[in-house]
Amino acid sequence: MTIKAGILGCGYYLPERIMTNFDLEKIVDTSDEWIRSRTGIEQRRIAADNETTSDMALKAAERAIANAGMKKEEIDLVIIPTISPDYAWPATACITTYKLGLKDVPAFDVSAACSGFIYGLTVARAMVESGLYKRVLLIAAEKFSTYLDWTDRNTCVLMGDGAGAMIIGPSETSCIMSTYINSDGSHPEYLCQPGGGSVMPLSQEVLDKKMNFMHMNGKEIYVNAVEKMPQALDAAMKLAGVTPEQVDFTIFHQANIRIIQYIAKKFNIPAEKNIINIQRYGNTSAATIPIAFTEAVESGKIKKGNIVAFSAFGGGMTWGGAVVRV
Ligand SMILES: CC(C)(COP(=O)(O)OP(=O)(O)OC[C@H]1O[C@@H](n2cnc3c(N)ncnc32)[C@H](O)[C@@H]1OP(=O)(O)O)[C@@H](O)C(=O)NCCC(=O)NCCS
């Protein structure tokens, strides 16, 4: 019998601390007006100093498990898309699985930057549909604030912390109708953490030059995002056999409101169908889509049976899209 994977439950977690654009005005040479008009961001959440990526992942996971109405012991695989992990290695997924109180469960991270959730969803779907695993806990979790140079106005105003989770498993109602992923590694420098790896091992010079933090060529990322995100959305809808009109809601990676609105315009997606929360949380990297999805499910906006299309773009460069029936 063919197994079809669907979404069995979802959850999210956002740290309590709110940092507004006005708070940032006190830290770097920026303004609420600049950030709001260029990105759409008004505020973001910042994790407590002692709150780790796995702590946030755990809270999102517990909510997703409760939402799915299942026992945590039913989970047989944990995948965490993140690029702001607890440690460079071992995987944050291993630590989160331990904190969740699960034993003998395989766990690994996925590194695909802001497209990480779509990559993780693709892997989770394949694991379930191949019959290898039954209930996959997929948690996109980011504590990006640790990886930001808080003196660099080009980057520190964009990002936020948070986690979003989904349980992916066999379903007769919900369905992951399509997934599409792609990459281009010709320009890692467009968006990366340059220092601390094998190219530029950690040294005093790396620390002095702040190369252990996020670096970005905003213009190049923008240009590529507006090309690749529509491409991924189009591919995902074609693979699912749906037209933009048949999609009930879209959730695009929340990196910049101008990118989101550009894609919406290109596909004639009306504002009421396009779920946006960037103004409140900024760019939580891999976590933006599952956070926005769960918020919309919890508020009653997204209902069972709705068709929702996702599209994301991130460092790597990576991009991807998916269409799900809730
Ligand atoms: C970063 C981004 C918002 C910048 O917007 P932009 O429209 O390209 O910016 P502009 O070209 O109008 O302005 C750049 C100027 O603003 C300045 N600037 C940058 N950040 C600023 C800030 N926070 N506050 C005030 N000024 C800022 C720059 O120093 C530059 O000044 P200069 O022209 O004197 O050198 C935009 O490029 C972007 O969103 N890129 C994609 C980022 C992204 O999505 N990243 C995550 C991908 S997953």
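Residues numbered from 1 in each chain as written. Predicted model: local features only at pLDDT ≥ 70, side-chain atom pairs only at ≥ 80, totals over all residues. Heavy atoms only, no water.

Enquirer: I'd love a proper account of the overall build of the chain, names of residues and values included.
Expert: The secondary structure content of the chain amounts to 11 helices and 13 strands. Taken over C-alpha atoms, the radius of gyration comes to 19 Å for the chain, in line with the 20 Å a tight globule of 326 residues would show. For the chain, the proportion of its 326 residues judged to be buried stands at 57%. Restricting to contacts in the chain with at least 6 residues of sequence separation, those with at least 24 account for 76%. Entry remark: accessible area of the chain is about 14,100 Å², with carbon and sulfur atoms responsible for 53%. (Helix = DSSP H or I, 4+ residues; strand = E, 2+ residues; numbered from the N terminus. Rg over C-alpha atoms; globule rule 2.2 N^0.38 Å. Buried < 20%, exposed > 50% of the residue type's maximum accessible area, 1.4 Å probe, protein only. Contact = heavy atoms within 4.5 Å. Areas by Shrake-Rupley, 256 points an atom, 1.4 Å probe, with all protein chains shown as cover.)

Enquirer: Describe the site of the ligand, naming the residues involved and giving the relevant values.
Expert: Taken together, 22 residues sit near the ligand, with T30, R153, G218, K219 and N256 positioned nearest. In the environment of the ligand, a nitrogen atom lies 2.6 Å from a nitrogen or oxygen atom belonging to the side chain of T30. At a separation of 2.9 Å, an oxygen atom of the ligand approaches a polar side-chain atom of R153. Sorting the residues of the shell around the ligand by element identifies α2 (32–39), α6 (153–156), α8 (218–240) and β12 (307–314) as the ones contributing at least two each. (Near = heavy atom within 4 Å. Polar contact = N/O pair within 3.5 Å; in protein donor to acceptor, adjacent residues only side chain to side chain.)

Enquirer: Talk me through the sheet that holds strand β5 (residues 107–110); I want residue IDs and the actual numbers.
Expert: Strands pair in a sheet through their backbones, by hydrogen bonds, and they do so in one of two ways: parallel or antiparallel. Taken in spatial order, the 5 strands of this open sheet run β1-β7-β6-β4-β5, and their pairing is mixed. The sheet is open, and its two borders are formed by β1 (5–13) and β5, each paired with just one other strand. Direction aside, neighbouring strands of the sheet carry axes that sit 20 degrees apart on average. Sheet topology note: the strand β4 (residues 77–81)/β5 ladder contains 4 bridges and is parallel. (Pairing = 2+ DSSP bridges. Axes fitted to C-alpha atoms, helices over the stretch in contact; angles between N-to-C directions.)

Enquirer: Tell me about the sheet that holds β12, residues and numbers included.
Expert: Taken together, the 4 strands give an open sheet; going across it, the order is β8-β13-β12-β11, and neighbouring strands pair in mixed fashion. The open sheet terminates on both sides in strands that have one partner only, identified here as β8 (175–183) and β11 (249–252). The sheet shows a mean angle of 10 degrees between the axes of neighbouring strands, direction not considered. As defined by bridge partners, β8 adjoins strand β13 (residues 318–325) across 8 bridges and the pair is classed as antiparallel. Looking at the pairing, S183 lines up with T318 of β13.

Enquirer: Can you tell me about the domain arrangement of the chain, naming the residues and giving the values?
Expert: Taken domain by domain, the chain comprises domain 1 (5–172) and domain 2 (178–325). On the side of domain 2, 44 residues touch domain 1, which itself brings 48 residues to the contact. Buried area between domain 1 and domain 2, summed over both chains or domains, comes out near 3,800 Å², and the portion from carbon and sulfur atoms is 65%. When the area that domain 1 buries against domain 2 is broken down by residue, the three leading residues are C114, I118 and Y119, summing to 16%. On inspection of domain 1 and its partner domain 2, the count reaches 2 salt bridges. A salt bridge links D149 to K210; the nearest nitrogen and oxygen atoms lie 3.7 Å apart. Scanning the region where domain 1 abuts domain 2 turns up 18 residue pairs in polar contact (both at pLDDT 80 or more). Those elements that provide at least two residues to the side of domain 1 that touches domain 2 are β1, α2, β3 (43–45), α5 (116–129), β6 (136–143), α6 and β7 (161–170). At 7 residues, α5 tops the list of elements feeding residues into the side of domain 1 that touches domain 2. For the side of domain 1 that touches domain 2, a count of residues per class yields 23 nonpolar, 15 polar and 10 charged. (Domains from an automatic or database assignment. Buried area = accessible area lost by both parts, 1.4 Å probe. Salt bridge = Lys/Arg side-chain N within 4 Å of Asp/Glu carboxyl O. Nonpolar A, V, L, I, M, F, W, Y, C, P; charged D, E, K, R; others polar.)

Enquirer: Please provide a residue-by-residue account of the side chain of T53, values included.
Expert: Checked against the element boundaries, T53 lands in helix α3 (residues 53–68). Assessed through its relative accessible area of 2%, T53 is described here as buried. Among the polar contacts made by the side chain of T53, one reaches the main-chain carbonyl oxygen of S84 at a distance of 2.5 Å. Excluding its chain neighbours within four sequence positions, the residues that come into contact with T53 are T82, S84, P85, D86, T92, A141, E142 and K143.

Enquirer: With reference to specific residues and values, describe the packing of α8 against helix α9 (residues 257–266).
Expert: Contact pair α8 / α9: the axes reach a minimum separation of 10 Å and the direction vectors enclose 40 degrees. By the criterion of interaxial angle, the relationship of α8 to α9 is oblique. Once α8 is placed against α9, the crossing between them reads as right-handed. Two secondary-structure elements touch here, α8 through Y222, A225, V226, M229, P230 and L233 and α9 through R258, I259, Y262, I263 and K266. Residue composition of the contact of α8 with α9, grouped by class: 9 nonpolar, no polar and 2 charged. (Parallel < 35°, antiparallel > 145°, perpendicular 65-115°, else oblique. Left-handed = near helix turned anticlockwise from the far one by under 90°.)

Enquirer: Describe the nonpolar core, listing the residues and the values that go with them.
Expert: Counting 46 residues, the largest nonpolar core has L233, V242 and V323 as the members making the most contacts within it. Listed by contribution, the elements that provide at least two residues to this core are β8, α8, α9, β12 and β13. Taken domain by domain, this core gets at least three of its residues from each of domain 1 (5–172) and domain 2 (178–325). Residues Y12, V110, Y119 and M127 belong to the second largest nonpolar core, which totals 40 residues. (Core = buried A, V, L, I, M, F, W, Y, C linked by side-chain atoms within 4.5 Å.)

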